[in-house]
Amino acid sequence: AKGSGRKLVSLMSHNEWCDLSVIPETPFEVFEWFRGADAAVTDTFHGTALSAVTHTPFATFVRESNRQKLGFLLESLGLDDRAASTPLDMTRILAEEVSFDRTDEIRKAGRIRTDAYLRRIMGMEGAR
């Protein structure tokens, strides 16, 4: 961030090495911070998911304690190439362009399956 003149923003927690710490008051504010970011570096499920939904270039720091959850999420979204295990990985990943086309297709198919499942279990198969 410093090399490119960008500011580091810590969302939902205070990190003294960041330029700004923000505690949003609503989930919608969190969404807007992601949507407005040049890039995101995260080690959380929600940070990864919000990056994908908002099409924000990102790197997810995956370590042993979060590998199962984040590895599964990244793989499920077709974004496993965004997993970083070292700071050098993050630099390389953030320098690479990310395409969210496949991710959007995966999410759309998931919504269709979920909608069909919910309609089936609620006895509304033909309803729209």
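Presented here is a report on the structure given in the accompanying data block. As the structure is a prediction and not an experimental result, all values here were calculated from the model.

Our focus in this paragraph is the overall build of the protein chain. Helix and strand counts for the protein chain stand at 5 helices and 5 strands. Each helix (α) and strand (β) of the protein chain, taken in turn from the N terminus, gives the series β-β-α-β-α-β-α-β-α-α. Principal axes of the C-alpha set define a box for the protein chain whose edges measure 55 × 30 × 25 Å. In the protein chain, which comprises 128 residues, the proportion classed as buried is 27%. Long-range pairs, those at least 24 residues apart, make up 31% of the contacts in the protein chain with a sequence separation of at least 6. When the accessible surface of the protein chain is split by element, carbon and sulfur atoms take 56% of a total near 9,000 Å². If the 17 positive side-chain charges of the protein chain are averaged to one point and the 19 negative ones to another, these points end up 4 Å apart.

As a further point, take the packing of aromatic side chains. We describe a pair of aromatic rings using the distance from one ring centre to the other and the angle between the two ring planes. One pass over the structure, following the stated rule, counts 0 aromatic pairs. Positioned above the aromatic ring of Phe-58, the side-chain terminus of Arg-82 is 5.8 Å from the ring centre.

A word on the sheet that holds strand 3 (residues 40–42). The strand order across the open sheet built from 3 strands is 3-4-5, with neighbouring strands paired in parallel fashion. Looking along the sheet, the strands with just one partner apiece sit at the ends: strand 3 and strand 5 (83–84). Pairing analysis gives 3 bridges linking strand 3 to strand 4 (residues 58–61), with the strands arranged parallel. Across the sheet, residue Ala-40 finds its bridge partner in strand 4, namely Phe-58. On the sheet, helix 4 (residues 87–95) packs against strand 3, strand 4 and strand 5 and is oriented at approximately 155° with respect to strand 4.

Glancing now at helix 3 (residues 67–76). Considered for burial, the residues of helix 3 that qualify are Leu-70, Leu-73 and Leu-74. Viewed along the axis of helix 3, the buried residues span an arc of 95°, placing them on a single side of the element. Across helix 3 from its buried face, at more than 90 degrees, point the exposed residues Gln-68, Phe-72 and Glu-75. Contacts made by the buried residues of helix 3 are with helix 2 (45–54), strand 4 and strand 5. A positive phi of about 70° marks Gly-78, the residue just after helix 3.

Calculation notes
Residues numbered from 1 in each chain as written. Predicted model: local features only at pLDDT ≥ 70, side-chain atom pairs only at ≥ 80, totals over all residues. Heavy atoms only, no water. Helix = DSSP H or I, 4+ residues; strand = E, 2+ residues; numbered from the N terminus. Buried < 20%, exposed > 50% of the residue type's maximum accessible area, 1.4 Å probe, protein only. Contact = heavy atoms within 4.5 Å. Areas by Shrake-Rupley, 256 points an atom, 1.4 Å probe, with all protein chains shown as cover. Lys, Arg positive; Asp, Glu negative; His and termini not counted. Charge placed at Lys NZ, Arg CZ, Asp CG, Glu CD. Phe/Tyr/Trp six-rings, centres within 6.5 Å; stacked < 30°, edge-to-face > 60°. Lys NZ or Arg CZ within 6 Å of the ring centre and 35° of its normal. Pairing = 2+ DSSP bridges. Axes fitted to C-alpha atoms, helices over the stretch in contact; angles between N-to-C directions. Arc of directions from axis to C-beta.

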